[in-house]
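Spelled out from the first residue to the last, the chains are:
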Amino acid sequence: MADLRVPVVAQLAHVELYTPKPDESLWFFTKLLGMSVVHQEEQSVYLRAYEDWFLWTLKLTEAPQAGLGHAAWRVSAPELLEEAAVAIEAAGLGLGWQESEFGGGRAYRFRMPDGHRMELIWDLEYYQAPEDQRSALKNRPQRRPLDGVPVRRLDHINCFVSDVETHEAFLRNYLGFKLRETKIGGDGKKVGSWLSVSPLVHEIAVMRDGTGQGNRLHHIAYWYGYPQHCYDVADACRDWGVKIEAGPGKHGTTQAMFLYVFEPGGNRVELWGDAGYLIFDPNWQTVVWDVSHESDLYSSTVWLGASTMPESFYTYGTPEKVTVGV
């Protein structure tokens, strides 16, 4: 296994979402969230936010059910790609090599213990803005779009799992993630863990699926960086008939300013309104919330805003029903 003093994974590179309503989903991400289309092929459209450095971060693919197609993680160094592939293959979770995808090179596909499809990749194409999209701000890869309330970059994913401990262990032992925060329920088992490889408080979270299914997507998140934008986009969602599940509000866990909405295909999208907090301590001690106690339950779930989250937050994921054996 690779030396985890240098994490196998460096960052979340992109996410593929399945949608049964491709035109409506594309409208949501382009007209409401201001993302740009960079490529189309067959049943898929590739999009980017204006401060994403890679060519694209979201792939929308037409499919019978909403859900996660795959999530791609860029490795910390090219030699770690082969090493991680060997370790994951030996664990029986490998799906094999994919030689190329638009804007990327050779990638190793695998699944998490429940079945969520992931890949590791090194070679990724960086975005080069055409003349009419170049920003005068040299550390911004693209002009700020004029459509909707534009998101700035891909932030994280959250997966519904059947068992948090199993998935947390996989992410830590095989990919080098660090456990930043965790919640423990009344049965003594974990109900959620938030993990990262960078100073961000998390790039992936795993939450216990309230229906017991696992292998489902809870949400993807795009970052604004300004709390006001959560209110601006919430106002637009109400005007344009986009369902808001919760927020704007602030979680205690991660200190995130959040808004949860459902894109028309059925996938939950979190719009992240600030930085939460950043972790620079190499000896970070995991923050533990015991949500069997009312004080931790409420403080961790909603610090500011409504007193609690709706039941759907703990039971709705995509696909709504997992096919046995998939």
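Above this note sits the structure.
Throughout, residues of each chain are indexed from 1 in the direction in which the sequence is written. In keeping with the model being predicted, local features are shown solely for residues with a pLDDT of at least 70 and side-chain atom pairs are shown and tallied solely at 80 or more, while totals for entire chains, interfaces and linings include all residues. Side-chain metrics in this entry use all non-hydrogen atoms of the structure; hydrogen atoms and water are not considered.

Undergrad: Just checking my understanding: could you explain the overall build of the protein for this structure?
TA: Across its full length, the protein holds 6 helices and 17 strands. Since a compact globule built from 326 residues should have a radius of gyration of about 20 Å, the 19 Å found for the protein is in line with a globular shape. Its C-alpha atoms give the protein principal-axis dimensions of about 55 × 45 × 40 Å. Burial classes follow relative accessibility: with a 1.4 Å probe on protein chains only, a residue under 20% of its type's maximum area counts as buried, one over 50% as exposed, and anything between as partly exposed. Every one of the 326 residues in the protein was classed for burial, and the buried ones make up 55%. Considering only contacts in the protein between residues 6 or more positions apart, those separated by 24 or more positions represent 66%. For the accessible areas, the method is Shrake-Rupley and the probe is 1.4 Å, while residue cover comes only from the protein chains on display. Surface summary for the protein: the accessible area is close to 14300 Å², and the carbon and sulfur share equals 51%. In this count, Lys and Arg are taken as positive residues and Asp and Glu as negative ones, while His and the chain termini are left out. Throughout, a charge is located at the NZ atom of Lys, the CZ atom of Arg, the CG atom of Asp or the CD atom of Glu. Counting 30 positive and 43 negative side-chain charges, the protein places the centres of these two groups 2 Å from one another. In DSSP terms, a helix is any run of H or I states spanning at least four residues, a strand is any run of E spanning at least two, and both are numbered starting from the N terminus. In this setup the radius of gyration rests on C-alpha atoms only. A globule is expected at 2.2 Å times the number of residues raised to 0.38. Only heavy atoms matter for contacts: two residues are in contact if any of them lie within 4.5 Å across the pair.

Undergrad: How do you make sense of the pattern of salt bridges when you look at a structure like this?
TA: In a structure, side chains of opposite charge can pair up when their charged atoms sit close to one another. Definition used for salt bridges: Asp or Glu carboxyl oxygen within 4 Å of a side-chain nitrogen of Lys or Arg. Tallied over the entire structure, the rule returns 17 salt bridges. The closest approach of N and O atoms between Asp155 and Arg153, which form a salt bridge, is 2.8 Å. With a relative accessible area of 3%, Asp155 lands in the buried category. Beyond isolated ion pairs, a larger network of salt bridges with shared partners links Glu16, Lys59, Glu101, Arg109 and Glu119.

Undergrad: Can you help me understand the sheet that holds strand S13 (residues 216-223) in this one?
TA: In a beta sheet, neighbouring strands are held together by backbone hydrogen bonds and run either parallel or antiparallel to one another. Any two strands between which DSSP finds at least two bridges are classified as paired. Taken together, 9 strands build an open sheet; the order of strands is S14-S15-S16-S13-S9-S12-S11-S10-S17 and the sheet is mixed. Only two strands of the sheet have a single neighbouring strand rather than two, namely strand S14 (244-250) and strand S17 (287-290). Within this sheet the neighbouring strands show an average axis-to-axis angle of 15°, counted without direction. Under this scheme, a helix contributes an axis fitted over its contacting stretch, all axes are lines through C-alpha atoms, and angles between N-to-C directions fall in the 0 to 180 degree range.

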